Each structure stands twice: as structure tokens, then as C-alpha cells.
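Single-letter residue listing:
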Amino acid sequence: MKVAVVGAGAIGAFVGAALHRAGAEVHLIARGAHLDALRRDGVRVLSPRGDFTAYPEATDDPSEVGPADYVFLGLKANSYAASGPLVHPLLHDSTAVIAAQNGIPWWYFHGLPGPYTGHRLESVDPGGAVSATLAPERAIGCVVYAATEIEAPGVIRHLEGTRFSIGEPDMTVSRRCLDFSEAMQAGGLKCPVEPDLRNDIWIKLLGNISFNPISALARATMVQICRHPDARVLVTEMMRETLEVAARLGSHPKISIERRLAGAEKVGEHKTSTLQDLERGKPMELDVLLSAVVELAELTDTPVPTLRAINAVADLLNRTTSTRSIA
């Protein structure tokens, strides 16, 4: 099995190291000091499950790698439309693209039976630019339940979780999913193949859609939001509206809002990735987390006044912050 990891950051390098340890041919696409360290010292994984070092190939030029069986995307979703130069040299006729993203994916309605089959969401696939770069038929969905961070160039700190749920957009259990799952498990990771990955997408999204924008707007950690009475009510209402949109699309994730809140509170003084992006002057990944669900609410005629209000203010913050960083 030949796997190319595009965006070999905290998650991508962690997955690449695990697959390499399992015997796969792995190529990491990275840049800068991180790439230099990967070439020189390999991927050093520091984990409560045991430290290890793997030595996959690393480059900043995907043309050196050539076509692979799987392309694992470790990029933020707002980079997908421009990822063609990185991804296209890695593709052959049957290459699968595994997108480890939060939020609503560009392939959401691909292969989904019902009235919205093939529908394109402008918020996640503007003008069809993502689908043109990453053909939906290549996509394997992936919901990440692992937490990692780059502690230093080439050094990945694994904080918790080893689960990477994957699944086909058309809800079949394919050979390509089973093969990738087996390789991930051989590398020490959990990788269940879910017949309906969309339920996992909504479960993960319940937290992202509420905590991520609020954390950026309030500059607050997860536990601070949970322990502020009015903020907790706000999160609860955002989650309730999100579950209503999911239900109108035929998804019924089996998790309660209180259980989701309790899990978030246990995370403690953690800054969401959105807040971290804001503090670093980077664009916040809100389109797939929040704007997409507002668009889905319009599609399904679902009232979501709280999501709309937070989306408006968060989008304004994103735009003004981006303007300042450009200036």
C-alpha cells in the first residue's frame, strides 16, 4: 500500500508514522523547518501509549512521489480548493482521497439517496472549486477523534484518542475502506469502517459548531464556556438546532446534548483550533463548521435563529481579522 500524506502536520504526520510502522510505503508532503526535521530525524511520536520514531519519506514536491493508492489530506478544509498542485501528481485512476476534516464535507450529498442527491453546498464547495479539485467519487470520509499537536519540528505530541472512523459517501462497505482500516489498525490506531459515517460527522460537529465560534468570540476555553451559565445555555441551543437540521436530512446521531457538554467540560482549559487560528492571525475554519449548517437549514426549511446569529458575528470577526492580517 502506497500512501501520500498531504499536509503532514500534527494529525497527518501522526497517521503517516503509524502507517509506516505497519509496513505501508508512506510519503509525507510538508514544508519549512518541519520538513527539514522529518527528513533528518523522522517522525518522533510522543504518546502516553508509548513513544516511537518512524522514518517515512518526506518531501515538499509531490511530483517526486508519483501516484499513490491513498492520499490522506491533513489540510484545513478551507485549503481544499487550492490543493490541486499538491494532490493531482499523486493520483491514478483509482486513488482514494481520505479527507480528515471537521464539519460538513464537500461530498456530503454524493451517493446519498433522497431528494438532495448530488446537491452542492456553496459554503463548503464555492462554485464547485473543491469538487473540481477533489472529485467526490474519490472521497473516503474520515472523522478524527485523536488529539495531537506539533511540539517541535518533526515531533508530534499525541494527547489522547486513536480513533479515525472512515466510510464511503454512498454508505457501502468497500474493499478500499477495509484495506485502509486494516493498515491503520496494524499501525496501532482504531479505524472502524462505518456504513453511515454521516452520524459520526454530526456527533463531532455538535461540539465544533458551538464551542469553536464561541471560543473565538469570547477568547474562552472549553471549560470556561461550559461553566458560564448563559454561555452553556447558548451552546445547548446551538446543539439543539444542529440536531434538528441533521434529523431533517435523515441523520439521527445517538448522543445527548448533556453528554456532549459533559465531555467538553472534561477537556478542561483547552483552546479550540478556531481560537488558536484567531490568535495566530490565520483565517478561521468556520465555513464547514457553521456556515454549512446554516445553508443546510435553508435547504431543509429549518429554523435556526441562534446558529444564524452566531454565524453572522463569527463571519464578521473572520473577515475583519483577515483584513487586518493582510494589511
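With that out of the way, let us pick up the overall build of the chain. What the chain contains, in helices and strands, is twelve helices and eleven strands. Relative to the compact-globule value of 20 Å for 327 residues, the chain shows a C-alpha radius of gyration of 19 Å, a close match. With respect to the principal axes defined by its C-alpha atoms, the chain has extents near 50 × 40 × 40 Å. Burial statistics for the chain: of 327 residues in total, 54% are counted as buried. Residue pairs at least 24 apart in sequence account for 73% of intrachain contacts in the chain once pairs closer than 6 positions are excluded. Entry remark: accessible area of the chain is about 14000 Å², with carbon and sulfur atoms responsible for 51%.

A word on the sheet that holds strand 11 (residues 164–167). Read across the open sheet, the seven strands follow the order 5-2-1-6-7-8-11; overall the sheet is mixed. Among the strands making up the open sheet, the edge pair consists of strand 5 (57–59) and strand 11. Neighbour-to-neighbour, the strand axes of this sheet turn through a mean angle of 20°, independent of strand direction. For strand 1 (residues 2–6) and strand 2 (residues 25–29), the ladder comprises five bridges, and the chain directions are parallel. Bridge pairing links Lys 2 to Glu 25 in strand 2. Here helix 1 (residues 10–21) sits on the sheet in contact with strand 1, strand 2, strand 6 (70–73), strand 8 (139–144) and strand 11, set at roughly 165° to strand 2. Contacts from helix 2 (residues 32–41) reach strand 2 and strand 5, with the element oriented near 155° to strand 5.

So, about the packing of aromatic side chains. Under the counting rule described, the total for this entry stands at five aromatic pairs. Note on Tyr 80 and Trp 106: the rings are 5.6 Å apart at their centroids and 80° apart in plane angle, and the pair reads as edge-to-face. Note that Tyr 80 is positioned in the loop between strand 6 and helix 3 (84–87) and Trp 106 in the loop between strand 7 (96–100) and helix 4 (129–133), a separation of 26 residues in sequence. Grouping residues by exposure puts Tyr 80 and Trp 106 together as buried.

Of all the residues in helix 9 (residues 257–267), the buried ones are Ile 257, Arg 260, Leu 261 and Ala 264. End-on view of helix 9: buried residues confined to an arc of 100°, all on one side of the axis. Away from its buried face by more than 90 degrees, helix 9 exposes Arg 259 and Lys 266. Residues of helix 9 that are buried sit in contact with helix 6 (198–218), helix 7 (222–226) and helix 8 (229–248).

This part is about unusual backbone geometry. Peptide bonds are trans in most cases, and residues, glycine excluded, mostly fall at negative phi. Backbone geometry places Arg 219, a non-glycine residue, at a positive phi of 55°. In this structure, Arg 219 sits in the loop between helix 6 and helix 7. Even without being glycine, Asp 301 reaches a positive phi, approximately 55°. Residue classification places Asp 301 among the exposed residues on the basis of a relative accessible area of 63%.

Before going further, it helps to examine the pairing of strand 10 (residues 155–160). Across three bridges, strand 3 (residues 43–46) lies against strand 10 in parallel orientation. Within the sheet, the bridge partner assigned to Val 45 lies in strand 10 and is Ile 156. Once strand 9 (residues 147–152) ends, the chain turns through two residues before running back antiparallel as strand 10, passing Gly 154 with a positive phi of about 80°.

Before going further, it helps to examine the sheet that holds strand 10. Strand order across the open sheet formed by four strands is 4-3-10-9, with mixed pairing between neighbours. The sheet is open, and its two edges are formed by strand 4 (52–54) and strand 9, each paired on a single side. Shown here is a sheet whose adjacent strand axes are inclined to one another by a mean of 25°, direction ignored. With respect to the sheet, helix 2 is in contact with strand 3, strand 4, strand 9 and strand 10, its orientation differing from that of strand 3 by roughly 95°.

Along the chain, Ser 123 turns up in the loop between strand 7 and helix 4. A relative accessible area of 16% places Ser 123 in the buried class. Those residues in contact with Ser 123, other than ones at most four positions away along the chain, are Asp 287, Ser 291, Ala 292 and Glu 295.

The next point concerns helix 1. Helical geometry: 3.6 residues make up each α-helical turn, so side chains three or four residues apart lie on a common side. Taking 1.5 Å as the rise per residue, helix 1 with twelve residues should run 16 Å; its terminal C-alpha atoms sit 17 Å apart, in good agreement. The element helix 1 is extensively covered by neighbouring structure, given that nine of its twelve residues are classed as buried. Listed in full, the buried residues belonging to helix 1 are Ala 10, Gly 12, Ala 13, Phe 14, Val 15, Gly 16, Ala 17, Ala 18 and Leu 19. Looking at the residues trailing helix 1, positive phi occurs at Gly 23, about 105°.

Procedures and definitions
Residues numbered from 1 in each chain as written. Predicted model: local features only at pLDDT ≥ 70, side-chain atom pairs only at ≥ 80, totals over all residues. Heavy atoms only, no water. Helix = DSSP H or I, 4+ residues; strand = E, 2+ residues; numbered from the N terminus. Rg over C-alpha atoms; globule rule 2.2 N^0.38 Å. Buried < 20%, exposed > 50% of the residue type's maximum accessible area, 1.4 Å probe, protein only. Contact = heavy atoms within 4.5 Å. Areas by Shrake-Rupley, 256 points an atom, 1.4 Å probe, with all protein chains shown as cover. Pairing = 2+ DSSP bridges. Axes fitted to C-alpha atoms, helices over the stretch in contact; angles between N-to-C directions. Phe/Tyr/Trp six-rings, centres within 6.5 Å; stacked < 30°, edge-to-face > 60°. Arc of directions from axis to C-beta. Expected span 1.5 Å × (residues − 1).

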